[in-house]
Amino acid sequence: MNAPLPADQMNALLSHDALPADPDPAETAEWREAFLALVEAQGPQRARWMLDELARLARAGRIGWQPELATPYANTIGVDQQPVFPGDLAVEERLASLMRWNALAMVVRANQAYGELGGHIASYASAADLFEVGFNHFFHARAAEPRRAAPSGERPPRGGSDPHEVGERGGQHLGDLVFFQPHSSPGVYARAFLEGRLTETDLAHYRQEITAPAHGARGLSSYPHPWLMPDFWQFPTGSMGIGPISSIYHARFMRYLTHRNLLDCEGRKVWGVFGDGEMDEPESMSALTLAAREKLDNLVWVVNCNLQRLDGPVRGNGRIIDELEKLFAGAGWNVIKLVWGSDWDGLFARDVQGALLRAFADTVDGQMQTFAAKDGRFNRDHFFGQDPELQRLAQGMTDEQIDRLKRGGHDLVKIHAAYAAAAAHRGRPTVILAHTKKGYGMGAAGQGRMTTHSQKKLEGDDLIEFRNRFNLPLTDAQATSLAFYRPAEDSPEMRYLRERRAALGGALPRRETACDVVPVPPPASYAKFATEAAGKEMSTTMAFVRLLGGLLKDKALGPRVVPIVADEARTFGMANLFKQVGIYSSVGQRYAPEDIGSVLSYREALDGQILEEGISEAGAIASWTAAATSYSVHGLAMLPFYIYYSMFGFQRVGDAIWAAADQRARGFLLGATSGRTTLGGEGLQHQDGSSHLAAATIPNCRAWDPAFAGEMAVILDAGMREMLVEQKDVFHYVTLMNENYAQPDVPEAAHADILRGCWRYEGWQRPEGAPPARRKVALLGSGAILTEVVKAAQQLALEGIEAAVFSVTSWSELARDGQACEARALAGEAEPGTPFVARQLAGSEGPVIAATDYVRAVPESVRAFVPAGRRYFTLGTDGFGRSDTRAALRGFFGVDAAHIVRAAKFALG
């Protein structure tokens, strides 16, 4: 794909005086001539082979050399390699100009009316052409019901090899996944407006989601938010870095579905349009090698290199395109540089001395930004005026022609060539580094300026200048009044718009939710050991793994289960699943594992079911999100269970969990070794005391802290039915403990209360010889601390104090129920209801003591709903964790039985 430079330009570039002094110029000349002759006579492929051979010899000889990963600051695809542009270039340019205008008008109008709304113009101004080529030629929408699993033992049917036809069956494409640069969302709305999916009233209510319905409009969210626009956006990308890593794991999950014969995803692409500043985020870069290692040629990134972040240059003293090229190439990606537009081709052709490439090699991004902000006269004087050779190249060009020299990311022909090459590439993921101008076309009001990211208001002259720059069919009055513009329905532009999207399966972005109901087996078939435990000792983690093993055996549900771990399967007792369902590997298992003779030996397989992501919580949660949203992305409901150290969940990847919530994920997060005192020896950074506090802030996350295996079984069963049968957009967080203790039976009569967050536990034994009760208290406990609550109740009984013991399975569900009752009362409803926790406590007397293995703010969340007149004391594990025994830790934090007894007696007075 990489086009060699003409021989004279290669010689000129190689003779650049920045190179070290040549001790033998004559010999060097001979080597050059020999290599150029090889290229001329036998072509680039033979030349590449020879270079590889020389590199091999250099490594074998340990001469300490390796090739430079950066290539000259020019397009990867040469003019002679460009395919013929397949569309109507003039119409597409007019459409792109209209998108730009309507996007600009939307943001500026909103800020003229309401100065605090914000919004972004400059990012889309730079990316508009990158989007439009995708929309018109490459981004496929889902046009048919997804292909289901092939019959047992058969491979699913494959697509063709043409990048415009693969992924089809019967002429119907299954749809690409497109991650949109979030600050460019106004441009996506502008296109939807022309397509008739949004109205002018909708555009007039950009970022006004609450007030819009009163005006007959839908509010348009600031960035891509599926929760707020559930039929429109597919992927939330507003938090920088989450989109890039998510796109990689979505691409890998598509391979997982194909290799497991669940859904044929061959030929479908994952496209991601991201910003160069966004590449600074660690999540953006963290999985690049995974994409290359897995050979994800279904993945294409387009990095919009407009050289600017929010406050200034991305790499003011360097070149971000060079840096990213080295990074991606080193990670194993196919790199396509899209740097200069077609009007530079003639300049490069005339530049036999290589002056342009030498000048670019010496121009840092900070200076390139200045060139973008200035006019043609400035660029003539300060760029082309650098040396006589550049001056000669600019002769005959007017200042306006120089001003309109396009960067590659603004040239539809060059963009199409890059996209076509990326779509056709096999064996590696591709990144297109597209050089653009931030605020392109905004002129003195914003193009290339330090403040352009935050530019939200334009004056009348600026608007007219923008109108003129893009030849928009607007009068001065329409331009200065920011009138939205849509061509007539029978105009060439509108016909073309509709035809192109029809050919690609319909409108994008578009979120769909239709999927089959997945039957859930009755609990008796897999969970009887937990609900009827009869005092057997086990940890809730052990019980969960046993439940999971039972679910995997179910013929209907089992194949849809996706077990996910970061790198702790053995820690959580999941090693028995290695042989049962295998660990997914795109290449199978090419080695004999060390423990091959063991019953629990490590087994990787092409159709393996477990996703073991290595030491990467960010990667594991991205995989979970891909599986948890498969019902909408692929029309195929999957059920992911991601189990991890609870401290490494909401605290470490909370932003990714929030994005999954926005995407309406459905699945289970299992916070194992939870609580601050259950994981005794690990200490401060491993002991979780706050995950339930974080989980409670996510509206569609239902968080549970079961103490008993039976409670957990009830919660899992209800959660599966809620997500797979009722198809509700919720996900569940369940904390698990590694502490073994006796597990009681959980009566069926208690199931409903368990699912509401609290049930009265009568299964504890009152000690023999306890005196008659003189006073009464109510004790609330959750998770591992419920065992301490039971011990406290027994001690209190010996002192003549009767304790009613309540197992709290979910503090957040109790709090939400109470808040809902309050809201109804404030709204003036005649029967607002009584909070459930108050109703439960009504059957007890005396003060209420609540103890958990989490910070006190967790049980404090229900204080307002405790019956009036009853004292309420909370015990928790505030502070940093420590390393010690469980007994010592519980004593230190004041959540053991002794402290619960002390609190109860204090409350009684």
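### Some remarks on empty space enclosed by the protein
Working step 1: On inspection of all chains with the given rule, the structure shows eight cavities of 30 Å³ or more.
Working step 2: Considering only enclosed or pocket space, the largest cavity measures out at about 190 Å³ in volume.
Working step 3: Contributing to the lining of the largest cavity are 15 residues, with W344, F371, N379, I402 and R407 lying nearest its centre.
Working step 4: Mapped onto the lining of the largest cavity, the elements with two or more residues apiece are helix 13 (365-373) and helix 16 (399-403).
Working step 5: By residue number, the principal contributor to the lining of the largest cavity is helix 13, which donates three residues.

### Quick look at the packing of helix 3 (residues 89-113) against helix 4 (residues 122-138)
Working step 1: It is the contact of helix 3 with helix 4, at a shortest axis distance of 10 Å, that shows an interaxial angle of 130 degrees. In this view, helix 3 runs oblique relative to helix 4, as classed from their interaxial angle. At the point where helix 3 passes helix 4, the crossing takes the right-handed sense. Within the contact between the two elements, helix 3 uses E92, A96, M99, R100 and A103 and helix 4 uses Y124, A125, A128, D129, E132, N136 and H137.
Working step 2: Taken together, the residues that form the contact of helix 3 with helix 4 break down as six nonpolar, two polar and four charged.

### What about the side chain of Q609?
Working step 1: Mapped onto the elements of the fold, Q609 is located in the loop between strand 11 (604-605) and strand 12 (611-612).
Working step 2: You can call Q609 buried: its relative accessible area is 8%.
Working step 3: Within polar-contact distance, the side chain of Q609 engages the backbone oxygen of V561 at 2.8 Å.
Working step 4: Q609 has contacts with Y256, R260, L552, G558, P559, V561, V562, P563, V581, G582 and Y584, leaving out every residue within four places of it along the chain.

### A short note on helix 34 (residues 886-893)
Note on helix geometry: an α-helix contains 3.6 residues per turn, so any two residues three or four positions apart are oriented the same way.
Working step 1: The complete set of buried residues in helix 34 reads L889, R890 and F893. Along the long axis of helix 34, the arc covered by the buried residues comes to 95 degrees, so they all point the same way.
Working step 2: Residues of helix 34 that are buried in the fold lie against helix 30 (786-798).

### Considering the packing of helix 4 against helix 20 (residues 492-503)
Working step 1: In contact at an axis separation of 7 Å, helix 4 and helix 20 are set at 65 degrees when each is read in the N-to-C sense. For the pair helix 4 and helix 20, the contacting residues are G134, F135, N136 and H137 in the first and Y496, R500 and R501 in the second.
Working step 2: In terms of residue class, the contact of helix 4 with helix 20 is made up of two nonpolar, three polar and two charged.

### With respect to the side chain of E325
Working step 1: Of note, E325 is situated in helix 10 (residues 320-331).
Working step 2: Side chain to side chain, E325 and T71 meet in a polar contact 2.6 Å long.
Working step 3: Discounting chain neighbours no more than four positions away, the residues touching E325 are L69, A70, T71, V335, K337 and L433.

### As for the sheet that holds strand 14 (residues 668-672)
Strand pairing in a sheet takes place through backbone hydrogen bonds and is either antiparallel or parallel in direction.
Working step 1: Reading across from one edge, 12-9-13-14-16-15 is the order of the six strands in this open sheet, with parallel pairing throughout. Of all the strands in the sheet, the pair left with one neighbour each is strand 12 and strand 15 (701-704).
Working step 2: Across five bridges, strand 9 (residues 561-565) lies against strand 13 (residues 639-645) in parallel orientation. When the bridges of strand 13 are listed, V561 appears paired with L639.
Working step 3: Strands in contact with helix 22 (residues 540-553) are strand 9, strand 13 and strand 14; relative to strand 13, the strand with the most contacts, it is inclined by about 160 degrees.

### A word on unusual backbone geometry
Working step 1: Here the bond from L508 into P509 is cis, since omega is -10 degrees, no more than 30 degrees from zero.
Working step 2: The topology assignment puts P509 in the loop between helix 20 and helix 21 (528-531).
Working step 3: Even without being glycine, K295 reaches a positive phi, approximately 55 degrees.
Working step 4: As for its position among the elements, K295 is in the loop between helix 9 (288-293) and strand 5 (299-305).

### Comments concerning the pattern of salt bridges
Working step 1: If you walk through the whole model with that rule in mind, you get 46 salt bridges.
Working step 2: Close ionic contact of E132 with R191 constitutes a salt bridge, the shortest N to O distance being 2.6 Å. Residue E132 is located in helix 4, and its partner R191 is located in helix 5 (residues 185-194); the two are separated by 59 residues in the primary sequence. The pair formed by E132 and R191 is uniform in burial state, with each residue classed as buried.
Working step 3: The salt bridge partner of E860 is R863, with a shortest N-O separation of 2.7 Å.

### Topic: the pairing of strand 19 (residues 775-781)
Working step 1: Taken across its seven residues, strand 19 has five buried, putting it largely inside the fold.
Working step 2: With seven bridges joining them, strand 19 and strand 20 (residues 801-808) adopt parallel strand pairing. Paired with V777 across the two strands is A803, which belongs to strand 20.
Working step 3: After leaving strand 19, the chain enters helix 30 and then returns to the sheet as strand 20, a path that is right-handed.
Working step 4: Here four bridges tie strand 19 to strand 21 (residues 848-851), and the two strands are oriented parallel to one another. Its bridge partner being in strand 21, L780 is matched across the sheet by A850.

What counts as what
Residues numbered from 1 in each chain as written. Predicted model: local features only at pLDDT ≥ 70, side-chain atom pairs only at ≥ 80, totals over all residues. Heavy atoms only, no water. 1 Å grid on protein atoms, 1.4 Å probe; cavity = no way out; pocket = protein on both sides within 12 Å on 5 of 7 lines; lining within 4 Å. Points joined across faces, edges and corners; volume = space filled by probe spheres on them. Helix = DSSP H or I, 4+ residues; strand = E, 2+ residues; numbered from the N terminus. Axes fitted to C-alpha atoms, helices over the stretch in contact; angles between N-to-C directions. Parallel < 35°, antiparallel > 145°, perpendicular 65-115°, else oblique. Left-handed = near helix turned anticlockwise from the far one by under 90°. Contact = heavy atoms within 4.5 Å. Nonpolar A, V, L, I, M, F, W, Y, C, P; charged D, E, K, R; others polar. Buried < 20%, exposed > 50% of the residue type's maximum accessible area, 1.4 Å probe, protein only. Polar contact = N/O pair within 3.5 Å; in protein donor to acceptor, adjacent residues only side chain to side chain. Arc of directions from axis to C-beta. Pairing = 2+ DSSP bridges. Salt bridge = Lys/Arg side-chain N within 4 Å of Asp/Glu carboxyl O. Right-handed = clockwise from strand over helix to strand, strands pointing away.

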